[in-house]
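A closer look at the structure
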Amino acid sequence: MAPKLYYMAASPPCRAVLMVAKAIGLELELEAVEFEQLRTEEILELNPQHTVPILVDADEDFTIWDSHAIAIYLVGQYASDDSLYPKNDIKQVAVINQRMQFDNILFDKCKAAFHPIMMGIEDVVSEEASDCMLESLGLLEVFLKDKPWIAGDVLTIADLTILALVATVEEVVFPIDPERFPKLSEWFNKAKELAYFEECNKEGLDKMGQLVRHEVPLI
Ligand SMILES: N[C@@H](CCC(=O)N[C@@H](CS)C(=O)NCC(=O)O)C(=O)O
């Protein structure tokens, strides 16, 4: 039985997991959930933190949430090789984990920017929130200074988790300025060419754009 992913298309962490599954050629059973379902008994039983993505791998009697943890599990359990997360290379694992921890920080900054708009409290991303995002993008520029991918010489799950978020920033706030962020821009253009990028992100990016531009109500 295919592992089941509870997801929302608009959610960057969910899109990151979709990309990881595609990257390793794994078919998932997809269960789309709405925002207002997240605090139902069914979801809270799976994830008391009431967030998506959530992965239920019934064959393995295993449930896990958080996009980064799910990505590590899927690669370890189902990938034919471990290049996306080389678990025996402890230094590379440490760098990938550090980058994914940074992804959480960037996620919080994006949430601070988008949430007030999605909730109808503000109309546009505030200058302060925008500056915070720009500061984080600047750090990504530093990570990419001497290496082509976020955690080094090869594509890893850190690229895929950060990619889903950077694509969202580009869609709903501002384009990644190649003058200001040349390395990030180069990485982003290359990552968008991944065969599965469009398929995993298009619907969610469109939806996110509509949510932030008030074209559809959040709830
Ligand atoms: N660090 C988590 C973040 C997950 C997260 O916050 N997901 C949002 C959607 S983008 C969510 O489910 N929010 C609902 C809530 O917090 O109640 C991950 O990477 O999976």
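Residues numbered from 1 in each chain as written. Predicted model: local features only at pLDDT ≥ 70, side-chain atom pairs only at ≥ 80, totals over all residues. Heavy atoms only, no water.

An unreviewed UniProt entry lists the protein under the name Glutathione S-transferase GSTe9, from Dendroctonus armandi. What the UniProt record of the protein gives under Subunit (unreviewed entry) is the line "Homodimer." (UniProt positions renumbered as here; feature names shortened; annotations may be inferred.)

Before going further, it helps to examine the state of the cysteines. Inspection of every chain in the model, using the stated rule, returns zero disulfides. Of the cysteine sulfurs around Cys110, a residue in no disulfide, the closest is that of Cys132, at 10 Å. Classification of Cys132 by relative accessible area gives partly exposed; the value is 29%. (Disulfide = S-S within 2.5 Å. Buried < 20%, exposed > 50% of the residue type's maximum accessible area, 1.4 Å probe, protein only.)

Turning next to helix α1 (residues 12-23). The end-to-end C-alpha separation of α1 is 16 Å, in line with the 16 Å expected for 12 residues at 1.5 Å each. Every buried residue belonging to α1 is among Pro12, Pro13, Cys14, Arg15, Ala16, Val17, Leu18, Met19, Val20 and Ala21, and all of these are buried. At its buried positions, α1 is contacted by β1 (4-7), β2 (29-32), α3 (67-78), α4 (90-118), α6 (157-172) and α8 (197-212). Gly25 occupies a position one or two residues after α1 and carries a positive phi of about 70°. (Helix = DSSP H or I, 4+ residues; strand = E, 2+ residues; numbered from the N terminus. Expected span 1.5 Å × (residues − 1). Contact = heavy atoms within 4.5 Å.)

With that out of the way, let us pick up the site of the ligand. Residues in contact with the ligand amount to 13 residues; listed here are only the nearest, His50, Thr51, Val52, Asp66 and Ser67. Measuring from an oxygen atom of the ligand, one finds a side-chain N or O atom of His50 at 2.8 Å. Here the ligand has 520 Å² of accessible area as a free molecule, and 83% of this is covered by the chains. Listing elements by their share of the shell around the ligand, those giving two or more residues are α3 and α4. Broken down by class, the residue content of the shell around the ligand amounts to six nonpolar, six polar and one charged. (Near = heavy atom within 4 Å. Polar contact = N/O pair within 3.5 Å; in protein donor to acceptor, adjacent residues only side chain to side chain. Areas by Shrake-Rupley, 256 points an atom, 1.4 Å probe, with all protein chains shown as cover. Nonpolar A, V, L, I, M, F, W, Y, C, P; charged D, E, K, R; others polar.)

Here the focus is α6. An ideal rise of 1.5 Å per residue puts 22 Å on 16 residues; α6 measures up with 23 Å between its terminal C-alpha atoms. Its maximal kink placed at Leu163, α6 deviates by approximately 25°. Summarising burial for α6: 14 of the 16 residues are buried, a large majority. (Bend = angle between axes of the 7 residues up to and from the residue.)

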